Amino acid sequence: MPLVRIEIIKGKDSVYKRKLMDSVHDALVNAIGIEDWDKFQRLYEIDDEFFDRSEGKTDRFTMIELTMFPGRTREQKAALYREIVRLLSENLGIQPTDIFIVINEPPNENWGLAGVQR
């Protein structure tokens, strides 16, 4: 049950945004085997003037934050990073250097699902 937060620079059309979200979800399905129905995503659009980034990053710069249950191996995470970059590059033409990914893994006791601690 990964929670996905994607941040991009404002100005992309709805087709681009849908393809972006679908690509990240497909990478989660392909690389770590989540179920296709297991989709919890948020897309945030930020005005360019308020999206500070390193020199050389383009207007397609994309930050992806994944919050997941702990337990996946280093290899699984590496495969996920590669798959996200592959799909965003193929589907949207985003350069790998414009993709920043971070995974957060809060301990199970920090998850509450339907009012029940995991």
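What counts as what
Residues numbered from 1 in each chain as written. Predicted model: local features only at pLDDT ≥ 70, side-chain atom pairs only at ≥ 80, totals over all residues. Heavy atoms only, no water. Phe/Tyr/Trp six-rings, centres within 6.5 Å; stacked < 30°, edge-to-face > 60°. Helix = DSSP H or I, 4+ residues; strand = E, 2+ residues; numbered from the N terminus. Buried < 20%, exposed > 50% of the residue type's maximum accessible area, 1.4 Å probe, protein only. Contact = heavy atoms within 4.5 Å. Pairing = 2+ DSSP bridges. Right-handed = clockwise from strand over helix to strand, strands pointing away.

A. Layout of the packing of aromatic side chains. Scanning the entire structure with this criterion turns up 2 aromatic pairs. Where Phe 51 meets Phe 61, the ring centres are 5.7 Å apart and the plane angle is 85 degrees; that geometry is what we call edge-to-face. Of the two residues, Phe 51 sits in the loop between β2 (40–46) and β3 (62–67) while Phe 61 sits in the loop between β2 and β3, which places them 10 residues apart along the sequence. Classification of Phe 61 by relative accessible area gives buried; the value is 7%. Ring geometry for Phe 69 and Trp 111: centres 4.5 Å apart, planes at 65 degrees, overall edge-to-face.

B. Geometry of the environment of Thr 67. Considering the arrangement of structural elements, one finds Thr 67 in strand β3. With 42 residues separating them along the chain, Thr 67 and His 25 place their C-alpha atoms 13 Å apart. Beyond its immediate sequence surroundings of up to four residues, Thr 67 is in contact with Met 1, Pro 2, Leu 3, Asn 104, Pro 106 and Trp 111.

C. Summary view of the pairing of strand β1 (residues 3–9). Counting buried positions along β1 yields 5 of 7 residues, so the element is predominantly enclosed. Where β1 lies against β2, 7 bridges are found, and the strand directions are parallel. Each residue of the ladder has a partner; that of Ile 9, found in β2, is Ile 46. In this region the chain leaves β1, passes through helix α1 (residues 14–32) and returns to the parallel neighbour β2; the handedness of that crossover is right-handed. In terms of strand pairing, β1 meets β3 through 6 bridges, oriented antiparallel. Among the inter-strand pairings, Ile 8 is bridged to a residue of β3, identified as Thr 62.

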